[in-house]
Amino acid sequence: MKKLSLLVSLGLAALSARAEEALTPLKVEFPPPVLTGTPVPAKLGNLEAPNTKAPQILVPAGVVNLAKGKSVTSSDTAPVIGDLTLITDGDKESEEGYFVELDRGRQWVQIDLGASAELYAVAVWHYHAQARAYLSVIVQVSDDPEFKKDVRTLFNNDDKNSAGLGAGASPTYLEKNTGRVIPAGKAVARYIRLYSAGNTANELNHYIEVEVFGRPRA
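Everything quoted here is computed from the prediction, not taken from an experiment.

*Asks:* What's the story with the overall build of the protein in this structure? I'm lost.
*Replies:* Across its full length, the protein holds one helix and 11 strands. From first element to last, N terminus to C terminus, the protein shows the α and β order α-β-β-β-β-β-β-β-β-β-β-β. Classification of the 218 residues of the protein by burial places 44% in the buried group. Restricting to contacts in the protein with at least 6 residues of sequence separation, those with at least 24 account for 79%. When the accessible surface of the protein is totalled, it reaches about 11,500 Å², and 55% of it is carbon and sulfur.

*Asks:* Explanation requested: the nonpolar core in the structure shown.
*Replies:* One finds Leu119, Ile192, Leu194, Tyr207 and Val210 to be the most contacted residues of the largest nonpolar core, which totals 45 residues. When residues of this core are traced back to their parent elements, those giving at least two are β5 (100–102), β6 (107–125), β7 (138–142), β8 (152–156), β9 (180–196) and β11 (209–216). Looking at this core, the element that brings in the most residues is β6, giving 11 residues. Ignoring any residue separated from it by four or fewer positions in sequence, one finds Ile192 in contact with Val109, Gln110, Ile111, Leu113, Leu119, Val122, Val139, Gln140, Val141, Phe147 and Val212.

*Asks:* Honestly, the packing of aromatic side chains in this entry has me stumped. Any pointers?
*Replies:* Aromatic rings considered in pairs are described by the distance between their centres and by the relative angle of their planes. Applying the stated criterion across every chain, the model contains three aromatic pairs. Across the ring face of Tyr173, the terminal group of Arg180 is positioned such that the distance to the ring centre comes to 4.1 Å. A cation over a ring is seen here: Arg193 above Trp108, with NZ or CZ 3.8 Å from the ring centre.

*Asks:* Any chance you could explain the environment of Gly198 here in plain terms?
*Replies:* Within the secondary structure layout, Gly198 lies in the loop between β9 and β10 (205–207). Considered as a pair, Gly198 and Val137 are 61 residues apart in the sequence and their alpha carbons are 9.3 Å apart. Ignoring sequence-local partners within four residues, the contact set of Gly198 consists of Gly105, Tyr134, Leu135, Glu203, Leu204 and Asn205.

*Asks:* Before we go on, may I ask you to explain the pairing of strand β4 (residues 71–74) in this structure?
*Replies:* Strand residues, when the strand is regular, have side chains that alternate between the two faces of the sheet. Burial along β4 is one-sided: the face carrying Val72 and Ser74 is buried and the face carrying Ser71 and Thr73 is not. Relative to β6, β4 runs antiparallel, the two being bridged by four bridges. For Val72, the partnering residue across the bridge sits in β6 and is Ile111.

*Asks:* It is not clear to me how the pairing of β6 should be interpreted in this structure. Could you clarify?
*Replies:* Buried residues dominate β6, accounting for 15 of its 19 residues. Pairing of β6 with β9, which is carried by 13 bridges, proceeds in the antiparallel orientation. Its bridge partner lying in β9, Ala117 is registered against Ala189. Two elements, β6 and β11, share eight bridges in a ladder whose sense is antiparallel. By the bridge assignment, Ala123 is partnered in β11 with Glu211.

*Asks:* Explanation requested: the pattern of salt bridges in the structure shown.
*Replies:* Think of it this way: side chains of opposite charge can pair up when their charged atoms draw near. Tallying each qualifying case throughout the model produces nine salt bridges. Put simply, Arg215 and Glu21 hold a salt bridge, and the shortest N to O gap is 2.6 Å. Of this pair, Arg215 sits in strand β11 while Glu21 is found in the loop between α1 (2–19) and β1 (24–25), placing the two residues 194 residues apart along the sequence. Taking relative accessible area as the criterion, Glu21 reaches 25% and is therefore assigned partly exposed. Here Glu203 and Arg104 are joined by a salt bridge, their closest N and O atoms 3.4 Å apart. Here Glu203 is found in the loop between β9 and β10, whereas its partner Arg104 is found in the loop between β5 and β6, with 99 residues between them in sequence. By relative accessible area, which is 53% here, Glu203 ends up exposed. Among the charged side chains, a salt-bridge network with shared partners connects Glu21, Glu118 and Arg215.

*Asks:* Which parts of the structure should I look at to understand the side chain of Asn199?
*Replies:* In this structure, Asn199 sits in the loop between β9 and β10. Looking at Asn199, its side chain comes within polar contact range of the main-chain nitrogen of Ala201, at 2.7 Å.

*Asks:* What am I meant to see in the side chain of Ser74 here?
*Replies:* The residue Ser74 is located in strand β4 in this model. Judged by relative accessible area, Ser74 falls into the buried class, the value being 10%. Of the polar contacts made by the side chain of Ser74, one reaches the backbone nitrogen of Asp76; its length is 3.0 Å. Within polar-contact distance, the side chain of Ser74 engages the backbone oxygen of Trp108 at 2.8 Å. Ignoring any residue separated from it by four or fewer positions in sequence, one finds Ser74 in contact with Leu84, Leu102, Trp108 and Val109.

Parameters and conventions
Residues numbered from 1 in each chain as written. Predicted model: local features only at pLDDT ≥ 70, side-chain atom pairs only at ≥ 80, totals over all residues. Heavy atoms only, no water. Helix = DSSP H or I, 4+ residues; strand = E, 2+ residues; numbered from the N terminus. Buried < 20%, exposed > 50% of the residue type's maximum accessible area, 1.4 Å probe, protein only. Contact = heavy atoms within 4.5 Å. Areas by Shrake-Rupley, 256 points an atom, 1.4 Å probe, with all protein chains shown as cover. Core = buried A, V, L, I, M, F, W, Y, C linked by side-chain atoms within 4.5 Å. Phe/Tyr/Trp six-rings, centres within 6.5 Å; stacked < 30°, edge-to-face > 60°. Lys NZ or Arg CZ within 6 Å of the ring centre and 35° of its normal. Pairing = 2+ DSSP bridges. Salt bridge = Lys/Arg side-chain N within 4 Å of Asp/Glu carboxyl O. Polar contact = N/O pair within 3.5 Å; in protein donor to acceptor, adjacent residues only side chain to side chain.

This is how it looks when you write it as structure tokens:
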């Protein structure tokens with residue numbers, strides 16, 4: 001009993017120490033702004049107000065981009081333009097050759113981190129050379145590669161439930177070079193799946209880069 005009590009005490013002490021560790025603001029590197037096209041007016045009921053300030057995300061030491069170079073799969077196995085490897089290659093520019101274009105309708109991309117990790121944020125860049133809004137943007141995480149169980153939704157701007165995954169209250173937003181940095185709330189998961197269903201410029205789906213900030217489980 002004494003040995004068990006000691007182990008429990010040590011475990012609680014370790015958890016307490018981890019909970020009290022120093023936190024610092026997450027630093028995300030953004031590409032330079034490049035607007036080459038005429039913005040398409042977005043008449044959407046849940047469109048985010050201009051110049052809305054992004055929330056500050058605090059992270060402990062050891063948090064890195066776990067998605068860099070990781071395997072990506074998709075509902076569209078033959079992209080119209082580009083290759084799925086572009087999504088995790090570290091390049092965030094918006095010119096041709098930096099993005100993958102998926103077919104019309106609801107599509108998803110999925111990143112396998114290789115192991116479950118404690119997640120703090122997911123950053124996504126769709127296509128930011130034109131001020132457009134992507135529709136039915138949903139970001140989910142799970143330890144199930146088929147996303148049939150233990151699914152946690154981090155972001156959902158599909159306010160009309162067009163994708164059939166539930167109506168969301170997150171705002172639709174105009175794409176910028178800063179992408180969208182989404183808090184993950186220390187969710188523990190191995191897989192990240194991101195949905196979209198076209199945009200206000202056309203019916204296609206685009207991804208430039210996805211970063212997943214977290215650290216391996218202790």
